[in-house]
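Overview (structure and organization)
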Amino acid sequence: MASTQTSGAQTPVTAEVSAQPSAIAGLDSLELGPARPSAEPGRLARKAWQATWPKLLAIAIVLGAWELFYLSNFHGDSAIGLVKGPGTGLANLWDQMQHAQLWQAIGTTVQTAVAGYLLAMIIGSIIGAIVSRIPPLRAATGSIISGLQTMPSIAWFPFAIILFGLNTSAILFVMVLGAAPSIANGLITGVDYTPPLLLRAGRTMGLSGIALYRHLILPASLPAYVAGLKQGWAFAWRSLMAGELLVIIIGHLSLGILLNNAQDNQDLTSAISIMIVILVIGIVVDAIFSKTDRTVRRRRGLLTDAQSI
Amino acid sequence: MSVIQRRGAPPENSPGASALSDGHLPAGSGDAAIRIADVTKVYGRGPGAVHAIDRLSLTVGCGEFVCLVGASGCGKSTLLSIVAGLDTPTAGQVDTAGRRVAIMFQEPALFPWLTARRNVELALRARRVPKQERTRRALELLETVHLGDFADKRPHELSGGMRQRVAMARALAQDADVLLMDEPFGALDAMTRDLLHDEIERICSERALSVLFVTHNVREAARLGDRVVVLSSRPGRVIEEYDVPRTGPRRIDSASVAELAGRVTDRLREEMRRHG
């Protein structure tokens, strides 16, 4: 947006441009630090490798432990024939991926996850915004919100099932109860910790009311809010898995149901395959949140280069 | 709401108006930018109350650069907050006759999520400058403080002195007639400070700004001020004023600056001795 207009703006002040170096003279210029190394050849590949090898190593460790567990015959005779090695296990996962059933289950679960999380995000953000605006409410509800966070979400299920019956509403209800407090808390913390100096600066500039919120308080609380969203996702995902195992809906295919079926059929290998799917979805979403979190913090200079790999 | 305006009551309504120690401008003179009359600020009440400022009177003329020096705890920052409208006096009036007031702090107080240009644009936006004009004006202001090449950097990518320059551009964007500065260069090294002294002197005279500049650095005050006002320790009040004759360009190491700084320092020492 700026680049096209820059040249026009510079014409009347050409005389001053010659004085430009003075802006960065003084001991002060030492603070500027070296310019970021630009795209030199091989740098991108090195960066990609640096980001990948820990993950490859992690997968190798898990597969190795699985193989060792299988070879050690630690499980004894009772479960013999049930425990398979990683080769068989991954083959089972590959096999399941060829069938529509698994994808249908993933679809249902992800759909519920998105719906529940969005609901929690809306409700949590509204509660957070209201509570942070009204100090007496803030004092009163602060402990309720943190109290709710310590409550294991699975303990809400009997309540939710009695209230809603065995259906998706019960699962959504518990997801919201699990995730919304974290999201609200993130927003409240962010608003609470808006630097007072920035508030003074904003007020002298003439920002007030909604403009003060939009241009100062909300952007200032973004890092804490993103942290709250990330924590909220973790709670929502756990609540969803607990819910799908507890709230069995007839004719409804979800990852929880598949896991339950594996349990009923004593099919340990299938159970592991489903668990891997659940783990991968969790990791992928978490990675998206971590990336957002890092981007937000790097843009504000809250992250050193070493941390930002 | 967007512009801080302070209008004082007519002088005859102010209690103890006769104590006005304003010898610089004739009474009723129209060219005062800031008129501080008998301002008192007390924090708390009862026996534990702290008198930060006691019946302080001071006038800053239009286009005048007034430096306030004093030991820490003389209520300098409190006074600026009151003039800026961020704080209210316990008694007395501050009158800026409807002029726009901008304030700069020791910290640049830039918004870390915005680039230098956007920081300046936000101040323009708060003044309801039309959108198409904001970018051009912001870049012009950044050129004024010699940061045209750094418009798209975020505050954490700039040095301390450059951040303070952006803060200066942002203050100018408020199109103020009155600039209040609360030790703006206190956190900078001596060389950078020197450069910024030249800069602030040039900008203030170009734009005919009326300035109230708080510092604990006596030399800085002697270097920049048209007038140096010495405040007493808590409670703060004016104990001495020094006019600085405009004889020509000054530097921080000019003989005249050193001489004035010496006199001001002696006066401050005397004041500190009296307070123990």
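Conventions and cut-offs
Residues numbered from 1 in each chain as written. Chains lettered and ligands numbered in written order. Predicted model: local features only at pLDDT ≥ 70, side-chain atom pairs only at ≥ 80, totals over all residues. Helix = DSSP H or I, 4+ residues; strand = E, 2+ residues; numbered from the N terminus. Buried ≥ 20, exposed ≤ 12 C-beta atoms within 10 Å, placed from the backbone. Contact = placed C-beta atoms within 7 Å. Core = buried A, V, L, I, M, F, W, Y, C linked by C-beta atoms within 7 Å. pLDDT = per-residue confidence, 0-100. Expected span 1.5 Å × (residues − 1). Bend = angle between axes of the 7 residues up to and from the residue. Pairing = 2+ DSSP bridges. Axes fitted to C-alpha atoms, helices over the stretch in contact; angles between N-to-C directions. Parallel < 35°, antiparallel > 145°, perpendicular 65-115°, else oblique. Nonpolar A, V, L, I, M, F, W, Y, C, P; charged D, E, K, R; others polar. Left-handed = near helix turned anticlockwise from the far one by under 90°. Right-handed = clockwise from strand over helix to strand, strands pointing away.

1. A few points about the overall build of chain A
What chain A contains, in helices and strands, is 12 helices and 0 strands. Scored against the burial criterion, the 309 residues of chain A give a buried share of 27%. Considering only contacts within chain A whose residues lie at least 6 apart along the sequence, 74% involve residues at least 24 apart.

2. Observations concerning the overall build of chain B
Of the regular secondary structure elements, chain B holds 7 helices and 9 strands. Within chain B, buried positions represent 50% of all 276 residues. Of all intrachain contacts in chain B linking residues separated by at least 6 positions in sequence, the fraction that spans at least 24 positions is 73%.

3. A closer look at the nonpolar core
For soluble globular proteins, the rule of thumb is that nonpolar side chains tend to be buried together. One finds Val83, Leu142, Ala169, Leu180, Leu212, Phe213 and Val264 of chain B to be the most contacted residues of the largest nonpolar core, which totals 81 residues. It is helix α4 (residues 160-173) of chain B that contributes the most residues to this core, 8 residues altogether. Among all residues touching Phe213 of chain B, those that are not within four sequence positions of it are Phe65, Val66, Cys67, Leu68, Met181, Leu224 and Gly225 of chain B. Counting 44 residues, the second largest nonpolar core, distinct from the first, contains Leu102, Ala160, Val191 and Trp237 of chain A.

4. A few points about the confidence of the model for chain B
Residue and element names in this part refer to chain B. With 87% of its residues at a pLDDT of 70 or more, chain B shows a mean pLDDT of 78. For chain B, helix α7 (residues 255-275) is the element with the lowest average pLDDT, namely 77, and strand β7 (residues 210-214) is the one with the highest, namely 90. Of the regions scoring below 50 in pLDDT, residues 1-29 engages in 47 contacts with residues more than four places distant in sequence or in other chains. The complex model carries a pTM of 0.73, and its ipTM stands at 0.75.

5. Let's talk about helix α10 (residues 209-246) of chain A
Between its first and last C-alpha atoms α10 of chain A spans 47 Å; for 38 residues at 1.5 Å apiece the expected length is 56 Å, and the helix comes up short by more than 12%. A bend of about 50° at Leu222 of chain A is the largest found in α10 of chain A, and the proline Pro223 of chain A appears one to four places after it.

6. Structural notes on unusual backbone geometry
A positive phi angle, near 55°, is found at Gln266 of chain A, a position not held by glycine. Given 11 C-beta atoms within 10 Å, Gln266 of chain A falls into the exposed group.

7. A short note on the pairing of strand β2 (residues 50-61) of chain B
Where a strand is regular, its side chains alternate between the two sheet faces. Residue and element names in this part refer to chain B. Where strand β1 (residues 32-43) and β2 come together, 8 bridges link them in antiparallel fashion. Opposite Tyr43, over in β2, you have Val50 as the bridge partner. The antiparallel pairing of β1 with β2 creates a hairpin that spans 6 residues between the two strands, and Gly44 there sits at a positive phi of about 75°.

8. Considerations on the sheet that holds β1 of chain B
Residues and elements named next belong to chain B. The 3 strands lie next to each other as β2-β1-β4, forming an open sheet whose pairing is antiparallel. The strands lining the two open edges of the sheet, one partner per strand, are β2 and β4 (91-95). Each adjacent strand pair in this sheet contributes to an overall mean axis angle of 15°, direction not counted.

9. Looking at the environment of Gln231 of chain A
Examined against the element boundaries, Gln231 of chain A turns out to sit in helix α10. Separated by 188 residues in the primary sequence, Gln231 of chain A and Arg43 of chain A have C-alpha atoms spaced 33 Å apart.

10. Examining the sheet that holds strand β9 (residues 238-243) of chain B
All names here are of chain B. What the 6 strands build is an open sheet, ordered β5-β6-β7-β3-β8-β9; its pairing is mixed. With one partner strand each, in any of the chains shown, β5 (101-104) and β9 form the two edges of the open sheet. Pairwise comparison of adjacent strand axes, ignoring direction, gives a mean angle of 15° for this sheet.

11. Overview of the environment of Tyr43 of chain B
Residue and element names in this part refer to chain B. Mapped onto the elements of the fold, Tyr43 is located in strand β1. Residues Tyr43 and Thr90, spaced 47 residues apart in sequence, show a C-alpha to C-alpha distance of 8.6 Å. Beyond its immediate sequence surroundings of up to four residues, Tyr43 is in contact with Ala49, Val50 and Ala52.

12. Notes on the packing of helix α5 (residues 100-133) of chain A against helix α11 (residues 255-264) of chain A
Residue and element names in this part refer to chain A. Look at α5 against α11: their axes get within 7 Å of each other, and the N-to-C directions meet at 130°. With respect to α11, the axis of α5 lies oblique. Every residue of α11 that contacts α5 at Ala105, Ile106 and Thr109 is listed here: Leu255, Ile257 and Leu258. The residue makeup of the contact of α5 with α11, split by class, is 5 nonpolar, 1 polar and no charged.

13. Observations concerning the environment of Val285 of chain A
Residues and elements named next belong to chain A. Considering the arrangement of structural elements, one finds Val285 in helix α12 (residues 268-299). A residue is classified by how many C-beta atoms lie within 10 Å of it, and Val285, with 18 of them, is partly exposed. Expressed as a C-alpha distance, the spacing of Val285 and Ile126, which sit 159 residues apart in the sequence, is 23 Å.

14. Brief notes about the packing of helix α6 (residues 135-150) of chain A against helix α8 (residues 168-192) of chain A
Residues and elements named next belong to chain A. Where α6 contacts α8, the axes come no closer than 9 Å and their chain directions differ by 135°. Between α6 and α8, the angle is such that the two are oblique. Of the two elements, α6 crosses α8, and the hand of that crossing is left-handed. Contacts between α6 and α8 involve Ile145, Ser146, Leu148 and Gln149 from the first element and Leu177, Pro181, Ser182, Ala184 and Asn185 from the second.

15. Quick notes on the pairing of strand β6 (residues 178-182) of chain B
All names here are of chain B. When you tally the buried positions in β6, you get 5 out of 5 residues, the bulk of the element. Side chains Val178, Leu180 and Asp182 of β6 all project onto a buried face; the interleaved residues Leu179 and Met181 project onto the opposite face, where all are buried too. Here β6 pairs with β7 via 5 bridges, running parallel. The residue of β7 that forms the bridge with Met181 is Phe213. Handedness of the crossover joining β6 and β7 through helix α5 (residues 190-206): right-handed.

16. Some points on the confidence of the model for chain A
Per-residue confidence for chain A averages 81 on the pLDDT scale, and 82% of its residues sit at or above 70. The low-confidence segment residues 1-21 of chain A, where pLDDT is below 50, has 21 contacts with residues more than four positions distant or belonging to other chains.

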